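Here is what each chain is made of, one letter per residue.
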Amino acid sequence: MPKHLASKYRFPWREGNQFRLLVDGDRFYPAMLEAITIAKHSIILEMYLVRPGSVFDRFTTALQLAAKRGVQVFILFDDYGSRELRQIDRQQLAHPNIRLTWYNPFHYGQLRRALLRDHRKLLVVDNRIAYVGGAGLTDDFIQPHHRWHDMMIEIQGPCVSDWQSLFRDAWPAASPPESAAPIPVAMPIDAAIGAQLGRVTLSQLSNRQEIQRSLVHRIRSAEHWVWLSTAYFVPSWKLRRALSSAAKRGIDVRLVLPGPHTDHPAIRHAGRRFYYGLLRRGVRIYEYLPRFNHTKLYLCDHWISIGSSNVDRWNLFWNLEANQEVDDQTLSEEARNHFNEDFTHCLEITLEHWQRRAWHRRLLEQFWGWVDARLNQLSQRWRRKS
């Protein structure tokens with residue numbers, strides 16, 4: 001990679017990693033819980049969406065047992081994303097070896113500050129293994145009907161230390177009580193675990209947009225295909241232009257987006273107003289039908305990026321986000337197989353089909369598009385004042 005591009009990223013590409021894709025809650029939750037069960041020294045957990053239920057109870061039980069074994073546990077929940085937790089839920093994490101804190105607690109009269117959220121999803125155990133992706137601690141990912149469709153990536157190797165460094169940055173600056181153990185320092189992992197190349201990229205409240213920068217660069221240099229799966233499609237102008245340009249030069253550009261199942265219908269309507277321009281330029285759009293597509297997976301030839309970022313305009317302004325990039329032929333083929341499986345459960349939206357959509361759908365797109373445009377203008381104004 002050219003030096004001028006490498007210098008714009010906090011973390012370098014690191015060799016010697018081993019990655020594993022875990023699709024849906026019935027695969028990634030057991031793997032994460034197993035890692036917690038065999039933890040020996042430390043556990044760090046950073047989550048946005050946390051709700052009472054079976055998944056939360058299973059994790060709190062595992063974390064309590066680890067703490068009783070002497071493992072030091074550090075938990076950072078986003079204050080807004082975990083607002084449904086009750087006092088009884090929080091008490092499940094009460095233990096001298098567990099430090100639980102909240103990212104950006106809400107204060108009345110500070111609306112602009114309240115918009116700043118930690119949207120990352122991260123588990124690191126013993127600075128040895130990490131899990132990153134789009135899932136939170138909620139039963140939405142395991143419920144029998146219409147469970148959310150998502151993916152996590154298991155990481156072993158040098159990239160794990162970079163994830164632990166990000167967690168230390170997000171941990172509140174106030175010093176913990178002297179009786180509490182400090183967050184373990186992310187010691188570099190020298191020994192190669194595998195043979196795969198990886199890099200951690202981040203989005204830091206509009207000041208450091210590594211995830212979008214890297215994605216746009218990969219789209220512009222793609223030779224065969226650009227396939228993106230995201231839960232909230234309200235792309236920036238720069239991303240829309242990159243997708244359109246790639247399609248016009250003959251690259252296979254496809255988007256997998258939520259269908260009727262979504263937790264934010266307004267965002268879906270706002271994003272659908274971009275369909276016509278993309279379809280007209282050759283971008284293929286698929287809407288996932290069986291359940292809510294919550295996946296954040298980006299594939300450009302042999303490169304993939306997976307993590308918390310939907311690369312939508314809102315989180316570019318207000319959220320802490322982080323993704324794991326992998327440049328590897330084997331893993332990219334596995335990701336491509338995942339996309340091909342998802343395509344079979346999608347409705348492809350063609351230009352002809354889109355032009356025949358009902359008038360009330362057009363009205364919803366116009367209204368929520370107008371709301372999104374106003375919020376985008378307001379976000380830009382507020383961020384300039386920050």
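Placed above this text is the structure.
Residues numbered from 1 in each chain as written. Predicted model: local features only at pLDDT ≥ 70, side-chain atom pairs only at ≥ 80, totals over all residues. Heavy atoms only, no water.

### Some points on the overall build of the chain
Stage number 1. Along the backbone of the chain there are 14 helices and 16 strands.
Stage number 2. Counting over 386 residues, the chain shows a buried share of 57%.
Stage number 3. A separation of at least 24 residues holds for 82% of the contacts in the chain among residues at least 6 apart in sequence. (Helix = DSSP H or I, 4+ residues; strand = E, 2+ residues; numbered from the N terminus. Buried < 20%, exposed > 50% of the residue type's maximum accessible area, 1.4 Å probe, protein only. Contact = heavy atoms within 4.5 Å.)

### Focus: the packing of aromatic side chains
Stage number 1. Applying the stated rule across the entire model yields 17 aromatic pairs.
Stage number 2. Taking the centre distance of 4.8 Å and the plane angle of 45° together, the rings of Tyr 275 and Trp 354 count as tilted. Note that Tyr 275 is positioned in helix α10 (residues 275-280) and Trp 354 in helix α13 (residues 351-355), a separation of 79 residues in sequence. Each member of the pair, Tyr 275 together with Trp 354, is buried.
Stage number 3. Between Phe 367 and Trp 368 the ring centres are 4.9 Å apart and the planes differ by 75°, which places this aromatic pair in the edge-to-face class. (Phe/Tyr/Trp six-rings, centres within 6.5 Å; stacked < 30°, edge-to-face > 60°.)

### Remarks on the packing of helix α7 (residues 210-221) against helix α8 (residues 237-248)
Stage number 1. Viewed as axis vectors pointing N to C, α7 and α8 meet at an angle of 15°, and their least axial separation amounts to 9 Å. By the criterion of interaxial angle, the relationship of α7 to α8 is roughly parallel. In the packing of α7 onto α8, the handedness of the crossing is left-handed. Residue-level inspection shows Gln 212, Leu 215, Val 216, Ile 219 and Arg 220 of α7 in contact with α8, the latter providing Lys 238, Leu 239, Arg 241, Ala 242, Leu 243 and Ala 246. (Axes fitted to C-alpha atoms, helices over the stretch in contact; angles between N-to-C directions. Parallel < 35°, antiparallel > 145°, perpendicular 65-115°, else oblique. Left-handed = near helix turned anticlockwise from the far one by under 90°.)

### Regarding helix α2 (residues 25-37)
Stage number 1. Along its 13 residues, α2 runs 18 Å from first to last C-alpha, staying within 8% of the 18 Å computed at 1.5 Å per residue.
Stage number 2. Along α2, the residues that are buried comprise Gly 25, Phe 28, Tyr 29, Ala 31, Met 32, Leu 33, Ala 35 and Ile 36.
Stage number 3. In the core, the buried residues of α2 are packed alongside β1 (14-23), β2 (42-47), α3 (54-68), β6 (122-125), β7 (129-133) and β8 (151-156). (Expected span 1.5 Å × (residues − 1).)

### Focus: helix α6 (residues 159-170)
Stage number 1. With twelve residues, α6 should cover 16 Å at 1.5 Å per step; its first-to-last C-alpha distance of 17 Å lies within 8% of that length.
Stage number 2. Most of α6 sits out of view: ten of its twelve residues are buried.
Stage number 3. Taken together, the buried positions of α6 are occupied by Cys 159, Val 160, Ser 161, Asp 162, Trp 163, Gln 164, Ser 165, Leu 166, Phe 167 and Ala 170.

### So, the nonpolar core
Most often, soluble globular proteins keep nonpolar side chains buried together rather than apart.
Stage number 1. Core analysis: the largest hydrophobic core is formed by 42 residues, its most contacted members being Met 32, Ile 43, Phe 77 and Tyr 131.
Stage number 2. When contributions to this core are tallied by element, the ones reaching two or more residues are α2, β2, α3, β3 (72-78), β4 (98-103), β6 and β7.
Stage number 3. Sequence-distant contacts of Phe 77, defined by excluding residues within four places in its chain, comprise Leu 45, Met 47, Val 50, Phe 56, Ser 82, Leu 85, Leu 93, Leu 100, Thr 101, Trp 102, Tyr 103 and Leu 137. (Core = buried A, V, L, I, M, F, W, Y, C linked by side-chain atoms within 4.5 Å.)

Any functional reading would require information that these geometric values do not contain.
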